[in-house]
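Below are the chains, spelled out letter by letter.
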Amino acid sequence: ELKVEQNPLFLSMQEGKNYTIYCNYSTTSDRLYWYRQDPGKSLESLFVLLSNGAVKQEGRLMASLDTKARLSTLHITAAVHDLSATYFCAVDSSNQFYFGTGTSLTVIP
Amino acid sequence: NAGVMQNPRHLVRRRGQEARLRCSPMKGHSHVYWYRQLPEEGLKFMVYLQKENIIDESGMPKERFSAEFPKEGPSILRIQQVVRGDSAAYFCASSRGTGGFGYTFGSGTRLTVV
């Protein structure tokens, strides 16, 4: 069964600091997705990474994909409180998405 | 374009009752997917449907759960004789085609079984 693992599961960081969330997956896939979920809300699409070496940036978030290592990273630069949420990575295979367990991020003032 | 519409947003059922969750895909989307999210977990695939057809139901529990996507009207996820363990958030997503492109999630239905 395809596995998607994220770490850390919980992350508490101070405002202004940098940190990276890691996503490993167990199958060959050229597409990797990052989503954000606020408590009680649906999933908001952040990034779609479509090829090896892909890098995308939006504001303080930057995502990258290494398909050979089966690894994606979500880097947070100079965190602010508004980034507090749960972040999921996902890969798609055989008509379905496989989601990681999520990283719950809390940014502390 | 109203996006993927799910209703109800919240649903409370007593053990043994039936739950019906509805999902109207985005305009122009003919592929519908249902996912379940247990507390503090990621989403788990349940079923993938196209109009009038179930394409992949490998994630559906074998008993009590069924899904349909009729020619007219929304997709329905039906849970019969609910139990406490069915309490979860159920998300629907739709797309125009396969492959993950244009995959849009609805706001979810939060089912609580008391």
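Shown above is the structure to which this text applies.
The model shown is predicted, which means the values in this text are computed figures rather than measured ones. (Residues numbered from 1 in each chain as written. Chains lettered and ligands numbered in written order. Predicted model: local features only at pLDDT ≥ 70, side-chain atom pairs only at ≥ 80, totals over all residues. Heavy atoms only, no water.)

Draft legend 1. Molecular detail of the overall build of chain B. Within chain B, the regular secondary structure consists of zero helices and 11 strands. In chain B, the succession of helices and strands from N to C terminus is β-β-β-β-β-β-β-β-β-β-β. Taking 13 Å as the expected radius of gyration for a compact globule of 114 residues, we find that chain B reaches 13 Å, a close match to that expectation. The C-alpha extent of chain B, read off along each of the three principal axes, is 35 × 25 × 25 Å. The contacts of chain B with a sequence gap of at least 6 include a subset with a gap of at least 24, amounting to 53%. Of the roughly 5800 Å² of accessible surface on chain B, a fraction of 46% belongs to carbon and sulfur atoms. Averaging the coordinates of the 17 positive side-chain charges in chain B and doing the same for the 10 negative ones gives two points 6 Å apart. (Helix = DSSP H or I, 4+ residues; strand = E, 2+ residues; numbered from the N terminus. Rg over C-alpha atoms; globule rule 2.2 N^0.38 Å. Contact = heavy atoms within 4.5 Å. Areas by Shrake-Rupley, 256 points an atom, 1.4 Å probe, with all protein chains shown as cover. Lys, Arg positive; Asp, Glu negative; His and termini not counted. Charge placed at Lys NZ, Arg CZ, Asp CG, Glu CD.)

Draft legend 2. Structural detail: the sheet that holds strand 3 (residues 19-25) of chain A. Residues and elements named next belong to chain A. If you trace the five strands from one edge of the open sheet to the other, you get 1-3-8-7-6, paired in antiparallel fashion. Edge positions in the sheet fall to strand 1 (4-7) and strand 6 (55-58), since each has one partner strand and no second. This sheet shows a mean twist of 15° between the axes of neighbouring strands, independent of strand direction. Here four bridges tie strand 6 to strand 7 (residues 61-66), and the two strands are oriented antiparallel to one another. (Pairing = 2+ DSSP bridges. Axes fitted to C-alpha atoms, helices over the stretch in contact; angles between N-to-C directions.)

Draft legend 3. Region of interest: the pattern of salt bridges. Taken as a whole and assessed by the stated rule, the structure comprises five salt bridges over all chains. Here Arg36(A) makes a salt bridge to Asp38(A), at a shortest N to O gap of 2.9 Å. Residue classification places Arg36(A) among the buried positions, given a relative accessible area of 14%. Glu18(B) serves as the salt-bridge partner of Arg20(B), at 2.9 Å between the closest nitrogen and oxygen. For Arg20(B), a relative accessible area of 37% puts it in the partly exposed group. Residue Glu18(B) is classed as partly exposed on the basis of its relative accessible area, which comes to 30%. (Salt bridge = Lys/Arg side-chain N within 4 Å of Asp/Glu carboxyl O. Buried < 20%, exposed > 50% of the residue type's maximum accessible area, 1.4 Å probe, protein only.)

Draft legend 4. Structural detail: the interface of chain B and chain A. Contact with chain B, which involves 23 residues of that partner, is made by 19 residues of chain A. Each partner contributes to the roughly 1500 Å² buried at the junction of chain B and chain A, and carbon and sulfur atoms together form 55% of this total. Across the chain B-chain A interface, the total number found is zero salt bridges. If you look at where chain B meets chain A, you find five residue pairs in polar contact (both at pLDDT 80 or more). Looking at side-chain class alone, the side of chain B that touches chain A contains 10 nonpolar, eight polar and five charged residues. (Buried area = accessible area lost by both parts, 1.4 Å probe. Polar contact = N/O pair within 3.5 Å; in protein donor to acceptor, adjacent residues only side chain to side chain. Nonpolar A, V, L, I, M, F, W, Y, C, P; charged D, E, K, R; others polar.)

Draft legend 5. Local environment of the sheet that holds strand 1 (residues 5-7) of chain B. All names here are of chain B. In spatial order, the strands read 1-3-8-7; together these four strands make up an open sheet with antiparallel pairing. Whereas interior strands pair on both sides, the edge strands pair on one side only; in this sheet they are strand 1 and strand 7 (65-68). Ignoring strand direction, the axes of neighbouring strands in this sheet form an average angle of 15°.

Draft legend 6. Inspection of the environment of Tyr48(B) at higher detail. All names here are of chain B. When you line up the elements, Tyr48 lands in strand 5 (residues 43-50). When its relative accessible area of 1% is taken as the criterion, Tyr48 is described as buried. C-alpha separation for the pair Tyr48 and Met60, spaced 12 residues apart in sequence, amounts to 9.9 Å. There is a polar contact of 2.6 Å between the side chain of Tyr48 and the side chain of His31.

Draft legend 7. Up close: the nonpolar core. Residue and element names in this part refer to chain A. Within the largest apolar cluster, 26 residues are counted, with the highest numbers of intra-cluster contacts made by Val4, Leu32, Trp34, Leu74, Ile76, Tyr87 and Leu105. Mapped by element, the contributors of at least two residues to this core are strand 2 (10-14), strand 3, strand 4 (32-37), strand 5 (43-49), strand 7, strand 8 (71-76), strand 9 (85-93) and strand 11 (103-108). Setting aside residues no more than four positions away along its own chain, Tyr87 makes contact with Gln6, Ile21, Tyr35, Arg36, Leu46, Leu61, Leu74, Gly102, Thr103 and Leu105. (Core = buried A, V, L, I, M, F, W, Y, C linked by side-chain atoms within 4.5 Å.)

Draft legend 8. Main features of the environment of Val114(B). Locating Val114(B) in the fold gives a position in the segment after strand 11 (109-113). Between the alpha carbons of Val114(B) and Val12(B) there is a distance of 7.2 Å; along the sequence they are 102 residues apart.

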